[in-house]
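The primary structure of each chain is shown beneath.
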Amino acid sequence: MDPAVRYSILGPVRAVRGGTELDLGPPKRLALFSLLLLRAPGPLTLSEAIDILWEDEPPASAVNVVHRHIGALRRTLEPQLGSRTHAKHLVRAADGYRLLVDASSSDLLHFRDLCAQAQLAVKAGDPARAAHCYIEALRLWRGPVVADGTHVSRHPVFTSVGHEFVATVKEAADVVLASAPALTEEVLAALRRALDGHPFDEAIHSRIIAALAATGRRAEALHQFEGIRRDLADELGVEPGPELRAAQQYLLQRKLYRGATRPQSPAPGAPVPARLPADCAVFAGRRSVLGQCLGLLPLEREVRSQAVVVALCGMAGVGKTTLAVHWAHLAADRFPDGQIYVDLQGHHSSQPPLDSGRAMRAVLDALGAEPVPAQASAAALGSAYRSALAGRRLLIVMDDARDSEQVRPLLPASEGSLVIVTSRRRLMGLAVTDNARIITLDPLTRQEALELLERRLGSDWLRAEQAAAEDIVELCGGLPLALAVASTRVLVQPASSLATLASRLQDDRDGLAALSTYDARTDIRSALRTSYEALSCSAASLFRLLSLHPSRDMTAQAAASLAGSDLRATREDMAELVDHHMLVELVPGRYTCHELLRSFASELSALYDLPDARSEAQARMFEHYLYSAEAATALIAPHRKPLILPPPRPGVRPQEFGDSTEAAEWIIAERHLLPALVQDIGLHPRSQTFRQQLTSTLETFLHPA
């Protein structure tokens, strides 16, 4: 490879040797060269070249035209070349041609290499280096890919590189604004270049607003918001989305009490704690809920009579702590009297939950308050705690609360403070007694989960194994902890692949093992087990048996039949599981369970439930659906001859229907499950009889005459 030749595609397409620009020929040849450079170091197939170079039906001579242009390009790149077999720049590939370039000779490959270095630096906890790598990459960008005047510039092959630039600008902005403020002006210029081709991209606008605010140009930032808000309304007829609204909200919040009376601050010289854990370097998604969180903060000049309490609730591993800490870092400058983090250890693998006295002492220590004697009464400690917090605008993160009662004594009464509580419980009691806002965190959406994988693994890896990445997102159920463990497993095993990991996760016997880290803090099983151990005995037993149900989706009556329990008692147990975020009530009376929780419940059931008890529970479940289906059919098809069924075994709770509408709704909800039961009913002691009966019932309402 001749090191004197340099190729450019991030702007006007050029080839330069020794300072002299080479003439790449007419538009068709220039477009072909652009394709070769874009595909390099991989091959450009002849069929792809023809498909892209001719907008309409290619002529019969298309293959010969491409060959002639290739020959002309070879002579341009290597004027002294005697035979194409000795070519060092443009060579034959299996079904086409290949331009031999690397990161030292192609600006596109250099751009991608710098982006990969930046992503690795983020993962390694070195955001400052990442920021410089990103900025160096953005400096290579000189304009749209492919010279104007060629129709191929509109082809997705080329426009995708423009999207790559936009994605990189966004990543760079996030890192620079968080870790390298000296580079803000340069990333701001890149954001504005990206906006030229994407005028309605709200994510770009939100980062421009943040960059302007960071450099003190708040008026210009507000003007930017008003401009895009007006354009969205006039051109698209829509309002700004959550991310853009969050950027505006954050901008307004930076204007702290301008002209307003501030609450009394501590005496000069008092310590100002800044004890938040480090922000997550690869935070992804959550734009909507983050906008909701930022919207809960007081606006400029607004003084509230009490602290704002927000409870972030959700299942183990859903990212509550990550979001709480990220939000706290974004809002930190809103609370100049300090930021404090307290781990309440509500679901710690080896430590008991932190009692309120120890938690108070931790906060007092952070504030540098006078120590309270160990023998002091609870009332004296509480009084000292409230006195120390009075008059301060504090941000306090109370992580992993066991329940509402653990949190109540710790809430400050002072105006202007923010308390962010995370818990696996719903903490409805805090909403009742302390006006807490409850925000339930769901698993990441498919797009958010792919974004998280991309931030942890890099875009090249995801592009290479896009289908496997999507499988992993599905198999992890969008759970951030599971996705983080999965991506880390791939990173620490370079010989592995996303496809290999996806295959392991699909194995029912190996799925959770593939997400094991042997570290209590990050191991999926350990996280789920601490939630399970907080359940009552009856709720824990029901949780295990629910894994025997063939679908994630079930009614309370189906669960009661599985458990062989009274319907009222089952509903109480299911309410407890919902409170611990181990079940979700989709609509009244119908529940679902995260797939990883189902896998964990299956392991527990195999370990703790006797085989006879499991078989009996499955038999009750089959009978539940048989008798329920028969009852529904009797209402929907009253003229059909009813089946003569033996009495159900004890503990079976068939679905009851008030009318044919309710029966039809139940059949629609179960339409995928019932046929599958016919296949699995061999587990029932009277399988042949029940298969015939259930098949007859199904034929009535799934295949009506």
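1. Here's the deal with the layout of surface pockets
Part 1 of the reasoning: The space that makes up the second largest pocket amounts to roughly 1300 Å³.
Part 2 of the reasoning: Forming the boundary of the second largest pocket are 42 residues, of which D174, L177, A178, H326 and L330 lie nearest the centre.
Part 3 of the reasoning: Take the lining of the second largest pocket: its biggest share by element is six residues, from helix α6 (residues 156-179).
Part 4 of the reasoning: Broken down by class, the residue content of the lining of the second largest pocket amounts to 22 nonpolar, nine polar and 11 charged.

2. What about the packing of aromatic side chains?
Part 1 of the reasoning: Tallied over the entire structure, the rule returns seven aromatic pairs.
Part 2 of the reasoning: Residues F111 and W141 carry aromatic rings whose centres are separated by 6.3 Å and whose planes lie at 50 degrees to one another, so their mutual orientation is tilted. Taken together, the residues F111 in helix α4 (residues 107-123) and W141 in the loop between α5 (127-139) and α6 connect sequence positions 30 residues apart.
Part 3 of the reasoning: Relative accessible area serves as the criterion here: at 1%, F111 is assigned to the buried category.

3. Some remarks on the sheet that holds strand β7 (residues 308-313)
Part 1 of the reasoning: What the five strands build is an open sheet, ordered β8-β9-β10-β7-β11; its pairing is parallel. If you trace the sheet from one side to the other, it starts and ends with β8 (339-343) and β11 (437-440), each paired once. Each strand of the sheet is rotated relative to its neighbour by a mean of 15 degrees, with strand direction disregarded.
Part 2 of the reasoning: By the bridge criterion, six bridges tie β7 to strand β10 (residues 418-423) in an arrangement that is parallel. Looking across to β10, one finds that V308 is bridged to L418.

4. Observations regarding the sheet that holds strand β5 (residues 90-93)
Part 1 of the reasoning: Strands sit in the order β4-β6-β5 across an open sheet of three strands; the sheet is antiparallel. Of all strands in the sheet, those with a lone pairing partner are β4 (44-45) and β5, marking the two edges.
Part 2 of the reasoning: Pairing of β4 with strand β6 (residues 96-99) involves two bridges; the strand directions are antiparallel. Each residue of the ladder has a partner; that of L44, found in β6, is Y97.
Part 3 of the reasoning: Relative to the sheet, helix α1 (residues 27-39) contacts β4, β5 and β6, its axis offset from that of β6 by approximately 70 degrees.

5. Quick word on the pairing of strand β1 (residues 5-8)
Part 1 of the reasoning: Here β1 pairs with strand β2 (residues 14-17) via four bridges, running antiparallel. Among the inter-strand pairings, S8 is bridged to a residue of β2, identified as R14.
Part 2 of the reasoning: Adjacent in sequence and paired antiparallel, β1 and β2 are bridged by five residues, among which G11 carries a positive phi angle near 135 degrees.

6. Regarding the environment of L453
Part 1 of the reasoning: Along the chain, L453 falls in helix α17 (residues 446-457).
Part 2 of the reasoning: Separated by 169 residues in the primary sequence, L453 and A284 place their C-alpha atoms 8.9 Å from one another.
Part 3 of the reasoning: Beyond its immediate chain neighbours, meaning those up to four positions away, L453 contacts G458, L462, A469, I472, V473, L483 and S487.

7. Here we look at the confidence of the model for the protein chain
Part 1 of the reasoning: When pLDDT is averaged along the protein chain, the result is 82; 88% of the residues meet or exceed 70.
Part 2 of the reasoning: Segment residues 255-265 is flagged for pLDDT under 50; beyond a separation of four residues in sequence, or across chains, it makes 28 contacts in the model.

Each value, and the rule that gives it
- Residues numbered from 1 in each chain as written.
- Predicted model: local features only at pLDDT ≥ 70, side-chain atom pairs only at ≥ 80, totals over all residues.
- Heavy atoms only, no water.
- 1 Å grid on protein atoms, 1.4 Å probe; cavity = no way out; pocket = protein on both sides within 12 Å on 5 of 7 lines; lining within 4 Å.
- Points joined across faces, edges and corners; volume = space filled by probe spheres on them.
- Helix = DSSP H or I, 4+ residues; strand = E, 2+ residues; numbered from the N terminus.
- Nonpolar A, V, L, I, M, F, W, Y, C, P; charged D, E, K, R; others polar.
- Phe/Tyr/Trp six-rings, centres within 6.5 Å; stacked < 30°, edge-to-face > 60°.
- Buried < 20%, exposed > 50% of the residue type's maximum accessible area, 1.4 Å probe, protein only.
- Pairing = 2+ DSSP bridges.
- Axes fitted to C-alpha atoms, helices over the stretch in contact; angles between N-to-C directions.
- Contact = heavy atoms within 4.5 Å.
- pLDDT = per-residue confidence, 0-100.

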